[in-house]
Amino acid sequence: MQELIQQLQAKAGLTPEQAAQSIEVIKEYVKGKLPPFIAGTVDTWFANMSDKPGEKKDGLMDKANDFLDDVKDKAEDWKDKAEDWAEDAKDKISDFFNKDKKQA
């Protein structure tokens, strides 16, 4: 996270406190725009940004790519569930109408 704070200081002329607060505002904004099942990923993403010197950190783009991969995976899961639900509904409706035809 320190890398991001430094970039905000250099590029936007913010103090370290302003930069850190900006990151918090952005994090909360992004979480508010996402469905709850994805919003937790934002917390994880920011929590994994280490401030410890010498500790290997993923770059911001790596974190963003990981986040987007998570979103993609969850969206695909929802898509699969929706397709399964639609197929089940189609089968039930078809069975209902075929049962009526047999009784007539």
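What you see is a predicted model, and the numbers here were worked out from it, not measured in a lab.

(A) Up close: helix H3 (residues 36-47). With 12 residues, H3 extends 17 Å from end C-alpha to end C-alpha; this agrees with the ideal 16 Å at 1.5 Å per step. When we look at burial in H3, the residues that qualify are Ile38, Ala39, Thr41, Val42, Trp45 and Phe46. On an axial view of H3, the arc spanned by its buried residues comes to 145°, and they lie on one face. Along H3, the residues that are exposed and aim more than 90 degrees away from the buried face are Pro36 and Ala47.

(B) Examining the environment of Asp70 more closely. Mapping Asp70 onto the fold places it in helix H4 (residues 60-103). Considered as a pair, Asp70 and Ile38 are 32 residues apart in the sequence and their alpha carbons are 8.1 Å apart.

(C) Spotlight on the confidence of the model for the protein chain. Confidence in the prediction of the protein chain, expressed as mean pLDDT, is 81, and 83% of residues score 70 or more. Here H3 stands out as the element of the protein chain with the lowest mean pLDDT, 78, in contrast to helix H2 (residues 16-33), whose mean of 90 is the highest. When the criterion is pLDDT under 50, residues 52-56 qualifies, and its contacts beyond four places in sequence or with other chains add up to one contact.

(D) The arrangement of a nonpolar patch on the surface in detail. A contiguous nonpolar surface patch, about 330 Å² in accessible area, is contributed by Ile93, Phe96 and Phe97. Summarising the element assignment, Ile93 is placed in helix H4.

(E) Focus on the side chain of Lys27. For Lys27, the location among the structural elements is in helix H2. Note on Lys27: relative accessible area 12%, which makes it buried. In contact with Lys27, other than residues within four places in its own chain, are Val42, Asp43 and Phe46.

(F) Layout of the nonpolar core. Counting 11 residues, the largest nonpolar core is built from Met1, Leu4, Ile5, Leu8, Ala19, Ile23, Ile38, Val42, Trp45, Phe46 and Phe67. Ranked by residues supplied to this core, first place goes to H3 with four residues. Apart from the residues lying within four places of it in its own chain, the contact partners of Ile38 are Phe67, Val71 and Lys74.

(G) Structural detail: the packing of aromatic side chains. All told, the structure shown has one aromatic pair when counted by the stated rule. Residues Phe96 and Phe97 carry aromatic rings whose centres are separated by 5.4 Å and whose planes lie at 80° to one another, so their mutual orientation is edge-to-face. You can call Phe96 partly exposed: its relative accessible area is 47%. For Phe97, a relative accessible area of 49% translates into the label partly exposed. Of note, Lys81 hangs over the ring of Trp78, and the distance from its end group to the ring centre comes to 5.7 Å.

About the criteria used
Residues numbered from 1 in each chain as written. Predicted model: local features only at pLDDT ≥ 70, side-chain atom pairs only at ≥ 80, totals over all residues. Heavy atoms only, no water. Helix = DSSP H or I, 4+ residues; strand = E, 2+ residues; numbered from the N terminus. Expected span 1.5 Å × (residues − 1). Buried < 20%, exposed > 50% of the residue type's maximum accessible area, 1.4 Å probe, protein only. Arc of directions from axis to C-beta. pLDDT = per-residue confidence, 0-100. Contact = heavy atoms within 4.5 Å. Patch = residues over 30% accessible without salt bridge, like charges linked within 9 Å, V, L, I, M, F, W, Y side chains within 5 Å. Areas by Shrake-Rupley, 256 points an atom, 1.4 Å probe, with all protein chains shown as cover. Salt bridge = Lys/Arg side-chain N within 4 Å of Asp/Glu carboxyl O. Core = buried A, V, L, I, M, F, W, Y, C linked by side-chain atoms within 4.5 Å. Phe/Tyr/Trp six-rings, centres within 6.5 Å; stacked < 30°, edge-to-face > 60°. Lys NZ or Arg CZ within 6 Å of the ring centre and 35° of its normal.

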